[in-house]
Amino acid sequence: VTITSPHNEKLKEIRKLTARRRERERAGRFVAEGEDLLAAADAAGWHAAERFCAAGSGLPGIEVAPELLAGVSGLGSGTRTLAVYSERWTESAIGPLCVCLWGVGDPGNIGTVLRSAEAFGASCVALGPGCADPFGPKAVRASMGAVFSVPLARVRDASDLPGLRVALAAGQGVPLTGVWEKTHAQDPIHPTVTLLVGAEREGLPAAVVAAADVIAHIPIRTHSLNAAMAATIALYETSRMARA
Ligand SMILES: C[S@@+](CC[C@H](N)C(=O)[O-])C[C@H]1O[C@@H](n2cnc3c(N)ncnc32)[C@H](O)[C@@H]1O
């Protein structure tokens, strides 16, 4: 049966999940839109709780009148398909290559870091206090599907992070290139590292920097990089050193 009423309960749920973090956290569910994202979920074996498609599109799912589906879509151009998923969080942050964001409030940055984490084979993205919701529409879109394949963990304390904890701070500590030797020296059999990245304005809290094993910087000619850019460069450098 095709959904043709804007008052349909399933459409109401989609609107709520798309609009409000509190609603996503309460339900433990979120929405992803578009064929590419849904294909990424399928490839990761993350099955939709409910899947919807524009009536007549030939795509799988419950058919919805196209203008109604466009109405609940967060994409300016509308969508041919979207689905509701249950959130997944790992019990704890895991190595060998973990990136931890602390107070990163821009959902686009969260999604971009997930995308980079997938690209460089990170084992986990850990989110400390004050981070945007990785299951919000902007973060899911920016992740380009990586939200379905990179394990996500919540952390409250830097001591919950695996391996050598490296606080990334512009202009402070040692150059990042020296960090792999320290990681290897700490555990030559299973070298494990966590890269800590701070908030867009405030950077990492002093207590988190103090709890880290190493402070490291990416040498640059300006004051600082965007948080997601810094995470991406650090992931590139660390994964490169780990393979060398
Ligand atoms: C936009 S920066 C924060 C700038 C903040 N005003 C400060 O000075 O810390 C966001 C985060 O990106 C990381 N970051 C930015 N540039 C970096 C660099 N050159 N080296 C290491 N980390 C960097 C740090 O983790 C920082 O907390």
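Look up: the structure comes first, before these words.
Everything in this summary refers to the structure shown in the same document. (Residues numbered from 1 in each chain as written. Predicted model: local features only at pLDDT ≥ 70, side-chain atom pairs only at ≥ 80, totals over all residues. Heavy atoms only, no water.)

### Observations concerning the packing of aromatic side chains
Now for step 1: Overall, the coordinates contain nine aromatic pairs when judged by the stated rule.
Now for step 2: An angle of 85 degrees between the planes, with centres 6.0 Å apart, marks the rings of phenylalanine 30 and tryptophan 46 as edge-to-face. Within this pair, whereas phenylalanine 30 is found in strand β1 (residues 29–33), its partner tryptophan 46 is found in the loop between α3 (35–43) and β2 (50–54), the two being separated by 16 residues in sequence.
Now for step 3: Chaining the aromatic ring pairs together yields one cluster made of Phe30, Trp46, Tyr85, Trp89, Phe135 and Phe148.
Now for step 4: Above the face of the tryptophan 46 ring, arginine 88 is positioned so that its terminal group lies 4.3 Å from the ring centre.
Now for step 5: In this structure, arginine 154 is placed above the aromatic ring of tryptophan 89, and the distance from its NZ or CZ to the ring centre is 3.9 Å. (Phe/Tyr/Trp six-rings, centres within 6.5 Å; stacked < 30°, edge-to-face > 60°. Helix = DSSP H or I, 4+ residues; strand = E, 2+ residues; numbered from the N terminus. Lys NZ or Arg CZ within 6 Å of the ring centre and 35° of its normal.)

### A closer look at the site of the ligand
Now for step 1: Neighbouring residues of the ligand: 20 residues in total, closest Leu168, Gly198, Arg201, Ile218 and Leu225.
Now for step 2: Taking glycine 198, its main chain carries an N or O atom lying 3.0 Å from an oxygen atom of the ligand.
Now for step 3: Between the ligand and isoleucine 218 there is a distance of 2.9 Å, counted from a nitrogen atom to a backbone nitrogen or oxygen.
Now for step 4: The fraction of the free accessible surface of the ligand (560 Å²) that becomes covered by protein chains is 86%.
Now for step 5: Contributions of two or more residues to the shell around the ligand are made by β10 (193–197), β11 (214–217) and α9 (227–243).
Now for step 6: Here the residues of the shell around the ligand sort into 13 nonpolar, five polar and two charged. (Near = heavy atom within 4 Å. Polar contact = N/O pair within 3.5 Å; in protein donor to acceptor, adjacent residues only side chain to side chain. Areas by Shrake-Rupley, 256 points an atom, 1.4 Å probe, with all protein chains shown as cover. Nonpolar A, V, L, I, M, F, W, Y, C, P; charged D, E, K, R; others polar.)

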